[in-house]
Amino acid sequence: MAEIIIIIGSLIVLLGCIGFVRFSDFHSRAQIVAKSVPFGISVILFGVFLHLGFDEMGIRAIIAIVLLWFLVPVIGYAISSSVNKQVKDENEIS
């Protein structure tokens, strides 16, 4: 069962990477990276947790999921905000 969940998570990450390559503008790429890839990685880590159980590495996988879901939105916001500021500054110069 855990192996199937890990494969599903890998497919989700693969689809997110294909979407990243497919979209052309920055905001679409940032959205696909901030949504699908962390979800896929969380599914993979949950599969690792199911495979390992409640030992040290299994608990680390759960902690990594929690940290991932807290940090990815903050990082995505910071990157998008800095790009928007840079574009705004370039438009004022022109």
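Rules and cut-offs
Residues numbered from 1 in each chain as written. Predicted model: local features only at pLDDT ≥ 70, side-chain atom pairs only at ≥ 80, totals over all residues. Heavy atoms only, no water. Phe/Tyr/Trp six-rings, centres within 6.5 Å; stacked < 30°, edge-to-face > 60°. Helix = DSSP H or I, 4+ residues; strand = E, 2+ residues; numbered from the N terminus. Buried < 20%, exposed > 50% of the residue type's maximum accessible area, 1.4 Å probe, protein only. Lys NZ or Arg CZ within 6 Å of the ring centre and 35° of its normal. pLDDT = per-residue confidence, 0-100. Contact = heavy atoms within 4.5 Å. Axes fitted to C-alpha atoms, helices over the stretch in contact; angles between N-to-C directions. Parallel < 35°, antiparallel > 145°, perpendicular 65-115°, else oblique. 1 Å grid on protein atoms, 1.4 Å probe; cavity = no way out; pocket = protein on both sides within 12 Å on 5 of 7 lines; lining within 4 Å. Points joined across faces, edges and corners; volume = space filled by probe spheres on them. Nonpolar A, V, L, I, M, F, W, Y, C, P; charged D, E, K, R; others polar.

**Things to note about the packing of aromatic side chains**
Aromatic rings considered in pairs are described by the distance between their centres and by the relative angle of their planes.
Part 1 of the reasoning: Applying the stated criterion across every chain yields a total of 2 aromatic pairs.
Part 2 of the reasoning: Ring plane angle 35° and centroid distance 6.2 Å describe the contact between Phe 46 and Phe 49, whose orientation is recorded as tilted. With a gap of 3 residues between them, Phe 46 and Phe 49 both fall in helix H2 (residues 26–52), about one helical turn apart.
Part 3 of the reasoning: Taking the relative accessible area as the measure of exposure, Phe 46 reaches 36% and is therefore partly exposed.
Part 4 of the reasoning: Accessibility expressed as a relative area gives 11% for Phe 49, which makes it buried.
Part 5 of the reasoning: Look at Phe 49 and Phe 54: their rings are 5.1 Å apart centre to centre, the planes differ by 85°, and that puts the pair in the edge-to-face class.
Part 6 of the reasoning: Under the relative-accessibility criterion, Phe 54 is labelled exposed at 72%.
Part 7 of the reasoning: Following the ring pairs from residue to residue traces out a cluster consisting of Phe 46, Phe 49 and Phe 54.
Part 8 of the reasoning: Directly above the aromatic system of Phe 20 lies the positively charged group of Arg 29, at a separation of 5.0 Å from the ring centroid.

**Things to note about the confidence of the model for the protein**
Part 1 of the reasoning: Summary statistics for the protein give a mean pLDDT of 90 and a share of 99% for residues scoring 70 or more.
Part 2 of the reasoning: Put simply, helix H3 (residues 56–93) is where the protein has its lowest mean pLDDT, 88, and helix H1 (residues 2–22) is where it has its highest, 94.

**Here's the deal with the side chain of Ser 36**
Part 1 of the reasoning: Within the secondary structure layout, Ser 36 lies in helix H2.
Part 2 of the reasoning: The class for Ser 36 is buried, based on a relative accessible area of 15%.
Part 3 of the reasoning: If we ignore the near neighbours within four places in the chain, the residues touching Ser 36 are Ile 12 and Gly 16.

**Notes on the packing of H2 against H3**
Part 1 of the reasoning: Following both chains from N to C, one finds H2 and H3 inclined at 175°, their axes separated by 8 Å at the closest point. Taken as axis vectors, H2 and H3 run roughly antiparallel relative to one another.

**Here's the deal with the layout of surface pockets**
Part 1 of the reasoning: Reported here for the largest pocket is a volume of approximately 180 Å³.
Part 2 of the reasoning: Lining the largest pocket we find Phe 20, Phe 26, Arg 29, Ala 30, Val 33, Ala 34, Val 72, Ile 75, Gly 76, Ile 79 and Ser 80.
Part 3 of the reasoning: Listing elements by their share of the lining of the largest pocket, those giving two or more residues are H2 and H3.
Part 4 of the reasoning: Considered class by class, the residues forming the lining of the largest pocket number 8 nonpolar, 2 polar and 1 charged.

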